[in-house]
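Architecture and fold: a report
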Amino acid sequence: DSSDISPLVINFHGGDGYAEYEMEYTGFKELSESENCIAVYPQGTVAEDKGSTGWFTGIGCNTAGEVCDVAFISELIDALVSEYYVDADRVYASGFSNGGFMIYSLACYLSDKVAAFGPVAGLMYTEELDNCTPDRPLPIIHIHGENDSQIPIEGNSNAVSFNSVLEYWTDHNQCTETIIADGVDNNGDGYAWSATIKDGCNDGVRLAYYRLGGTDHEWPNRDGLGYDNDIDAASTIWNFVKDFDLN
């Protein structure tokens, strides 16, 4: 029925990445066909300071002509809701690496339009954590490799650690319960995964922060087409975010 509206997943590529490639390897395209959701892959602009594609995270827009990707995504959501059969209350965002940082920018500055968030191998910049202004408690699922050599799980000079990000959102959401889930070594590489689940949060939201043992800077999948990780990021993220809406 053309009058039926569907949830929307916006998937952000990493630095020096392209939307077409993101569409091929993340698994959201296949998932959208089976789960009756709409998957969209925006393309980041070329950053002048590094000469490669990426996302201008943070609120930005301080000078005329400056790229402002939070505003871009806000307008993109409005256009998709207006022109396609998108459920405005069920817009979700996920991204890899620099795209994962962008997810936290949306959590800080666009929580009135995005219902739930799924960053992979991205963190929060220190400046952003200090200036984040979410409108409400937020459901977030974060997946990160413990051996990430590009965006270390311990953070770096520009970004706070995985644990600090979890602590920030636990405090913001006023979560009162912690569940530790120990996963299975599904691919037999000698490493498994674990997840810290924060429940008892305001407005019924949850946090799910996954640490993948033996995993570097990569988007985890289990598509059977090559090396399979212990978890599949797209389906894990979808099964979390689909429970939430803006109401």
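The structure reproduced in this document is the subject of the present report. Every chain is numbered on its own, with residues counted from 1 as its sequence reads. With the structure being a predicted model, the display of local features is reserved for residues of pLDDT at least 70 and the display and counting of side-chain atom pairs for 80 or more, all residues being used for whole-chain, interface and lining totals. Side-chain measures were taken over the full set of non-hydrogen atoms in the model, leaving aside hydrogen atoms and water.

Details of the pairing of strand β5 (residues 86–96)
To sort residues, take the accessible area from a 1.4 Å probe on protein chains only and compare it with the maximum for the residue type: under 20% means buried, over 50% means exposed, and anything in between is partly exposed. For helices the rule is a DSSP run of H or I covering at least 4 residues; for strands it is a run of E covering at least 2, with both sets numbered from the N terminus onward. β5 sits mainly inside the fold: eight of its 11 residues count as buried. Here a strand pair is declared whenever DSSP counts at least two bridges between the two strands. Where strand β1 (residues 6–12) meets β5, six bridges bridge the pair, whose relative direction is parallel. What sits directly across from Phe12, in β5, is Gly95. When β5 meets strand β6 (residues 116–120), the two strands line up parallel, connected through five bridges. The residue bridging Gly95 from the neighbouring strand is Pro119, located in β6. By convention a crossover is right-handed if, when the strands point away from the viewer, the path from the first strand over the helix to the second runs clockwise. In this fold, the crossover linking β5 to β6 by way of helix α4 (residues 98–109) has right-handed handedness.

Focus on the sheet that holds strand β7 (residues 140–145)
Taken together, eight strands build an open sheet; the order of strands is β2-β1-β5-β6-β7-β10-β9-β8 and the sheet is mixed. Of all the strands in the sheet, the pair left with one neighbour each is β2 (38–40) and β8 (177–182). Averaged over all adjacent pairs, the angle separating strand axes in this sheet is 15°, with direction ignored. Pairing analysis gives two bridges linking β6 to β7, with the strands arranged parallel. Within β7, the residue paired with Val120 across the bridge is Ile143. Where helix α6 (residues 162–173) meets the sheet, it contacts β7, β9 (193–199) and β10 (207–212), and its direction lies at approximately 170° from that of β10. Here an angle of 0 to 180 degrees is reported between the N-to-C directions of two axes, which are lines fitted to C-alpha atoms, with helices fitted over the stretch in contact. Whether two residues are in contact is decided by their heavy atoms, any of which lying within 4.5 Å being enough.

Regarding the packing of aromatic side chains
The way to describe two aromatic rings as a pair is by their centre distance and the angle between their planes. Each pair of aromatic rings taken from Phe, Tyr and Trp, with Trp reduced to its six-membered ring, is defined by centres within 6.5 Å and is described as stacked if the planes are under 30 degrees apart, edge-to-face if over 60, and tilted in the remaining cases. Counted according to the given criterion, the structure contains eight aromatic pairs. On the basis of an interplanar angle of 65° and a centroid distance of 5.9 Å, the ring pair of Phe28 and Trp219 is categorised as edge-to-face. Residue Phe28 is found in helix α2 (residues 28–35), and its partner Trp219 is found in the loop between β10 and α7 (233–241); the two are separated by 191 residues along the sequence. What makes Trp219 buried here is its relative accessible area of 5%. Each residue in the set Tyr104, Tyr168 and Trp169 is aromatic and connected to the rest through ring pairs, giving one cluster.

Side note on the pattern of salt bridges
Basic side-chain nitrogens of Lys or Arg form a salt bridge, by our definition, when they fall within 4 Å of a carboxyl oxygen of Asp or Glu. Counted by the stated rule, this structure contains three salt bridges. Put simply, Lys113 and Asp78 hold a salt bridge, and the shortest N to O gap is 2.9 Å. Placement of Lys113 in the loop between α4 and β6 and of Asp78 in helix α3 (residues 69–83) is noted, with a sequence separation of 35 residues between them. For the salt bridge of Asp243 with Arg206, the shortest nitrogen-to-oxygen distance reads 3.6 Å. With Asp243 in the segment after α7 and Arg206 in the loop between β9 and β10, this residue pair connects regions lying 37 residues apart in the sequence. Under the relative-accessibility criterion, Arg206 is labelled partly exposed at 23%.

As for the packing of α3 against α4
The geometry of α3 relative to α4 is characterised by a closest axis approach of 10 Å and an angle of 75° between their N-to-C directions. The angle between α3 and α4 places the two elements in the roughly perpendicular class. Taking contact as the criterion, the partners of Asp69, Val70 and Ile73 in α3 are, on α4, Met102, Ser105, Leu106 and Tyr109. Taken together, the residues of the contact of α3 with α4 break down into five nonpolar, one polar and one charged. What sets the label is the angle itself: under 35 degrees gives roughly parallel, over 145 gives roughly antiparallel, 65 to 115 gives roughly perpendicular, and the rest give oblique. Three classes are used, and their members are as follows: Ala, Val, Leu, Ile, Met, Phe, Trp, Tyr, Cys and Pro are nonpolar, Asp, Glu, Lys and Arg are charged, and the others, Gly among them, are polar.

Things to note about the packing of α2 against α7
For the pair α2 and α7, the least separation of the axes is 9 Å and the interaxial angle reads 45°. Relative to α7, the element α2 lies oblique. Considering how the two elements wind past one another, α2 and α7 form a crossing that is right-handed. Facing Phe28, Leu31 and Glu35 of α2, the residues of α7 in contact are Ala234, Ser235, Ile237 and Trp238. When the residues that make up the contact of α2 with α7 are grouped by side-chain class, the tally is five nonpolar, one polar and one charged. Should the near helix be turned counterclockwise from the far one by less than a right angle, the crossing is left-handed, whereas a clockwise turn marks it as right-handed.

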